[in-house]
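Observations on the three-dimensional arrangement
Single-letter residue listing:
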Amino acid sequence: MFSLFCIFLCLVIRVGVKADSDLSGCPSTENTWRYRARSGEKFVLFCDIPKLGLCNRRDHSSKKMCSRTACEGFQWYKQPQNGSQPYAIQNDHPHITWENNLLQFSPIGINDAGSYICAIKYKPKLVEESRKSKGITCFLNITVEVQPKEKTPCMDSVKNELYLVIGSTDSIPCPGVNCEGDLQRQDMTWYKNGMLCPNWKNTNIIFDDIYHYNRGLYVCDYNQSINSTWWIVRAVVEVKTIVQNTSFTPIISDPPHDKFTLEVELGMPLTLECKAHFGQERNFNPVIKWYVEDAELNREELRQENISIINQVEKKTIYYTAFLKQVTKKDLLRNFICFAQNSVGNSTRTIKLKQKRGVLFTYILFGTTITLVSILMATAFIYRYWVEIVLLYRTYQAKDETLGDRKEFDAFVSYAKQDSFDSLDPSSLNEESFALDLLPKVLEKKYGYTLCLFERDVIPGGAYTDDIVKIIKQSRRVICILSPSYVSSPTVFELQAAVNLALEDQTLKLILIKFSPFKEPDSLPHRVKKALTVLPTITWRSSKSAPSDSRFWNCVRYHMPVKNHRGLGEKGFKIFPRIFSLKQKEESYSL
């Protein structure tokens, strides 16, 4: 055996492989491996000399060589069956490629049967030893027998390409292992992407959950005795991880929307870009094009300028660019259509060309924009200060609506009486003090309105309900000060009476002031509930609303009847207090 190895070594040296004459570090045991392959399938060979025992042998020389050397490179050779000299395998072969220790056949054929030689060169790690020796080259002889396709049992059921759906439970079977009949075989040996997987021993690799990283090139080996000769039967399966086939047509994201208008310059070239997203499909055959369509619906495909594909796990994105040499007036009347199609259906996006306008158009557009912005700002200002604007108008132009209506009071004030409170806080403003003190102080003394307060203006002795109805009929407004005490006390009768009378008298209006938050009791009459929902409400905001020129009092006056107040002086003109305060300061400085 050793003499045969020396003869083999001489043959290799003659084809240009040089090594040191000291081969004590290389394995001296059986170094020929026998593999069986099936014709028409993908097949791989590994050059793994340390696996033969180079670094696991008990002799001291092997251990010494492994600890003091490093792999420098690989080279693959083939020994022709006619006995001629081995020749180096180059990477220009149509179906045989190799990279480092991996020799790949895509696929292997009958003519690929024979002997293959793998040469691996080791060099010393230490600088002193590298000067004395160039290193050693070890050789591995591999015999490959190729079984014809027609002699392979159940060849049609062998799957060398497998698709696994991400997120599912599936397995990877060793291709054709169940088609060998009752021939003897031992445990399986599995490789993934050239790496040994020692924990996988069965004919099937089972995955409880498929992930994207489970893709790759899987190789399964098992020993088989044929005619008293042991062979390594090797099969290769390429695994691809996919998602479920899409059920949607392609999605075009550029152009951004259908009937998109693109401004162009006449006489200039034009580049049209289409970006489409295609869902994952096992048999991916996308179609993406640019068409130009005239008024008679005649279509013409534009010349492709560039196309690129971005692959992702769940989709593929294709960028398609077409080129138009020169934009003409005729193109302004045509439709440019991006067309994308998959096995489910197709999608289209249409572009219309529009000639760019000159400077005049820019000025018109700018002027229109400024006008619209001004209108929006004026609208916002009017909306914000509508109450103040109305009050200012009333001061100068409005007619007194109280003339000739034969009513005595401008407003009747309805509030919760003190005896209806469970507890009172003297330090805070309550409903009664608000109604009896603050309201008359502002509305009567400052703005000249006439209020009716039940305790102050009604002579006791009459029936309460009759007096309330009579007072409301003599009033132009009813001011209701709403609070939890108000809606839960008998005083709510005044609100109910005012609602009923307002339905009969169109000149009578209600002013609701929300003095404090409250929850409507279920016992409230239906009309009262509807009035609380429909009628406008003015919210009292404590210290913020207290000043007589605050927005709260402006809103109250807005809902009060229009009257011509004489003798008020500047009090009647403080609609915009900040503006008038500045005006007063300027007049004082001038004096």
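What counts, and at which threshold
Residues numbered from 1 in each chain as written. Predicted model: local features only at pLDDT ≥ 70, side-chain atom pairs only at ≥ 80, totals over all residues. Heavy atoms only, no water. Buried < 20%, exposed > 50% of the residue type's maximum accessible area, 1.4 Å probe, protein only. Helix = DSSP H or I, 4+ residues; strand = E, 2+ residues; numbered from the N terminus. Pairing = 2+ DSSP bridges. Disulfide = S-S within 2.5 Å. Core = buried A, V, L, I, M, F, W, Y, C linked by side-chain atoms within 4.5 Å. Contact = heavy atoms within 4.5 Å. Phe/Tyr/Trp six-rings, centres within 6.5 Å; stacked < 30°, edge-to-face > 60°. Patch = residues over 30% accessible without salt bridge, like charges linked within 9 Å, V, L, I, M, F, W, Y side chains within 5 Å. Areas by Shrake-Rupley, 256 points an atom, 1.4 Å probe, with all protein chains shown as cover. Salt bridge = Lys/Arg side-chain N within 4 Å of Asp/Glu carboxyl O. Axes fitted to C-alpha atoms, helices over the stretch in contact; angles between N-to-C directions. Polar contact = N/O pair within 3.5 Å; in protein donor to acceptor, adjacent residues only side chain to side chain. Parallel < 35°, antiparallel > 145°, perpendicular 65-115°, else oblique. Nonpolar A, V, L, I, M, F, W, Y, C, P; charged D, E, K, R; others polar.

The side chains of a regular strand alternate, first on one face of the sheet and then on the other. In terms of residue burial, strand β18 (residues 270-279) counts as a mostly covered element, since seven of its 10 residues are buried. As paired elements, strand β16 (residues 251-254) and β18 share three bridges and run antiparallel to each other. Within β18, the residue paired with Ile252 across the bridge is Ala276. Pairing of β18 with strand β22 (residues 315-324), which is carried by 10 bridges, proceeds in the antiparallel orientation. Bridging across to β22, Leu270 finds its partner in Leu324.

Where two cysteines share a covalent bond between their sulfur atoms, that bond is called a disulfide. Across all of its chains, the model carries three disulfides by this definition. Each sulfur in the disulfide pair Cys47 and Cys118 lies 1.6 Å from the other. Judged by the torsion about the S-S bond (-90°), the Cys47/Cys118 disulfide is left-handed. One end of the pair, Cys47, is in the loop between β2 (43-46) and α2 (60-68); the other, Cys118, is in strand β7 (residues 114-124), with 71 residues separating them in the sequence. Of the two residues, Cys47 and Cys118, both sit in the buried class.

With that settled, consider the nonpolar core. The nonpolar side chains of a soluble globular protein tend to be buried, and buried together. Grouped together as the largest cluster of nonpolar side chains are 28 residues, with contacts concentrated most on Phe412, Ile472, Val478, Tyr486 and Leu495. The set of elements that each furnish at least two residues to this core consists of β25 (409-414), α8 (464-473), β27 (475-482), α9 (484-487), α10 (492-504), β28 (509-514) and α11 (526-534). The leading source of residues in this core is α10, at seven residues. Discounting chain neighbours no more than four positions away, the residues touching Val478 are Phe412, Ile472, Ala498, Leu508, Lys509, Leu510 and Ile511. If you look at the next biggest cluster of nonpolar residues, it comprises 27 residues, including Phe434, Leu438, Val442 and Phe515.

Let us now look at the packing of aromatic side chains. Summed over the entire model, instances satisfying the criterion amount to 17 aromatic pairs. Ring centres of Tyr211 and Tyr213 lie 5.3 Å apart, and the angle between their planes is 5°; this geometry places the pair in the stacked category. Look at Tyr213 and you get exposed, because its relative accessible area is 54%. These aromatic residues form a ring-pair network of at least three members: Phe434, Phe515, Trp540, Phe552 and Trp553.

As a further point, take a nonpolar patch on the surface. A cluster of nonpolar residues, Phe381, Ile382 and Trp386, forms a patch on the protein surface that exposes about 310 Å² of accessible area. Examined against the element boundaries, Ile382 turns out to sit in helix α4 (residues 359-384).

Quick look at the sheet that holds strand β5 (residues 96-99) now. Sheets are built from strands that pair by backbone hydrogen bonding, the pairs being arranged parallel or antiparallel. Reading across the sheet, the three strands line up as β2-β6-β5 and stay open at both edges, with antiparallel pairing between neighbours. Only two strands of the sheet have a single neighbouring strand rather than two, namely β2 and β5. For this sheet, the mean angle separating the axes of adjacent strands, direction not counted, is 15°. Two elements, β2 and strand β6 (residues 102-105), share four bridges in a ladder whose sense is antiparallel. Residue pairing across strands places Phe46 opposite Leu102, the latter belonging to β6.

With that settled, consider the environment of Lys563. Looking at the element boundaries, Lys563 is found in the loop between α12 (551-559) and α13 (577-590). A polar contact of 2.8 Å, which involves the side chain of Lys563, links it to the side chain of Asp410.

Let us now look at the sheet that holds strand β26 (residues 451-452). With parallel pairing, the five strands of this open sheet are ordered in space as β26-β25-β27-β28-β29. Strands with a single pairing partner mark the edges of an open sheet, and in this sheet they are β26 and β29 (537-539).

Take the environment of Ser39 next. Topologically, Ser39 is positioned in the loop between β1 (32-38) and β2. The spacing of Ser39 and Ile108 is 69 residues in sequence and 5.7 Å in space, taken between C-alpha atoms.

The description of two helices packed together rests on the angle between their axes and the distance between the axes. It is at 9 Å that the axes of α10 and α11 come closest, and there the two elements cross at 80°. With respect to α11, the element α10 is oriented roughly perpendicular. Touching Val492, Leu495, Gln496, Val499, Asn500 and Leu503 of α10 are Arg527, Val528, Ala531 and Leu532, all from α11. A breakdown of the residues in the contact of α10 with α11 according to their chemical character gives seven nonpolar, two polar and one charged.

Turning to the environment of Gln79, a few remarks are in order. Counting through the fold element by element, Gln79 comes out in strand β3 (residues 69-79). Classification of Gln79 as buried rests on a relative accessible area of 14%.

Our focus in this paragraph is the pattern of salt bridges. For the structure on display, the rule yields 15 salt bridges. Salt-bridge contacts for Asp410 lead to Lys563; the nearest nitrogen and oxygen are separated by 2.8 Å. Of the two residues, Asp410 is situated in strand β25 and Lys563 in the loop between α12 and α13; the sequence distance between them amounts to 153 residues. Taking the shortest distance from any N to any O, the salt bridge between Glu444 and Arg456 comes out at 3.0 Å.

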